[in-house]
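Listed here are the chains, written in short residue letters.
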Amino acid sequence: MTASQPGQTGEFPTEFTATSLTGSISVRTTEMGLPLGVKVDADQLRRDPEALAGDVLRLCKQAANRAGLARRAQLRQLGFSSEMLALTGLPTEQQVATQEIIDEQDYDTEPQSWLRSV
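Every value quoted in this text rests on a predicted model; they were computed, and no experiment measured them. (Residues numbered from 1 in each chain as written. Predicted model: local features only at pLDDT ≥ 70, side-chain atom pairs only at ≥ 80, totals over all residues. Heavy atoms only, no water.)

K.L.:
Is there a simple way to explain helix α1 (residues 49–77) in this structure?
P.N.:
Because each turn of an α-helix spans 3.6 residues, side chains separated by three or four positions in sequence point in the same direction. Its 29 residues place the ends of α1 42 Å apart at the C-alpha level, agreeing with the 42 Å of an ideal helix rising 1.5 Å per residue. Within two residues after α1, Gly 79 carries a phi angle of roughly 105°, on the positive side. (Helix = DSSP H or I, 4+ residues; strand = E, 2+ residues; numbered from the N terminus. Expected span 1.5 Å × (residues − 1).)

K.L.:
For this particular structure, what's the right way to read the nonpolar core?
P.N.:
One recurring pattern in soluble globular proteins is that nonpolar side chains are buried together. Counting residues in each nonpolar core, the largest one holds twelve residues, listed as Phe 12, Phe 16, Ala 18, Ile 25, Val 27, Leu 52, Val 56, Leu 59, Cys 60, Ala 63, Ala 67 and Ala 70. Per element, the largest residue contribution to this core is seven residues, and it comes from α1. Dropping the residues within four chain positions of it, Val 27 is found in contact with Phe 16, Thr 17, Ala 18, Gly 37, Val 38, Val 56, Leu 59 and Cys 60. (Core = buried A, V, L, I, M, F, W, Y, C linked by side-chain atoms within 4.5 Å. Buried < 20%, exposed > 50% of the residue type's maximum accessible area, 1.4 Å probe, protein only. Contact = heavy atoms within 4.5 Å.)

K.L.:
For this particular structure, what's the right way to read the packing of aromatic side chains?
P.N.:
By convention here, two paired aromatic rings are described through the distance between centres and the angle between planes. Overall, the coordinates contain one aromatic pair when judged by the stated rule. On the numbers, 5.8 Å between centres and 45° between planes, the contact of Phe 12 with Phe 16 is tilted. The pair Phe 12 / Phe 16 is uniform in exposure class, with both members buried. Sitting over the face of the ring of Phe 12, Arg 71 holds its NZ or CZ atom 3.7 Å from the ring centroid. (Phe/Tyr/Trp six-rings, centres within 6.5 Å; stacked < 30°, edge-to-face > 60°. Lys NZ or Arg CZ within 6 Å of the ring centre and 35° of its normal.)

What follows is the structure in structure tokens.
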């Protein structure tokens, strides 16, 4: 999964995006991970609804983590000390990277069954 933020000069972005590894699911979220838009390829709609919802939720969380990391970097540039940044509860680069690795390992891109529709 990938996450990114739209480029805006001088202002902190208001929207963040995250996309599945295959690119078949993407979300636009607020800084807190609340979905503003969801794009799902048609083939994904045949999946188990619970699994699809789990992937959308995971992408929303990923976008929120990336937003938190961007906010932390912004505060660092504004002169916040390490101690002050720790008190914010915003994720560190290591925390975001670790969570993304865990999510990537859990992200199931393999078919749920060997059966195929004919």
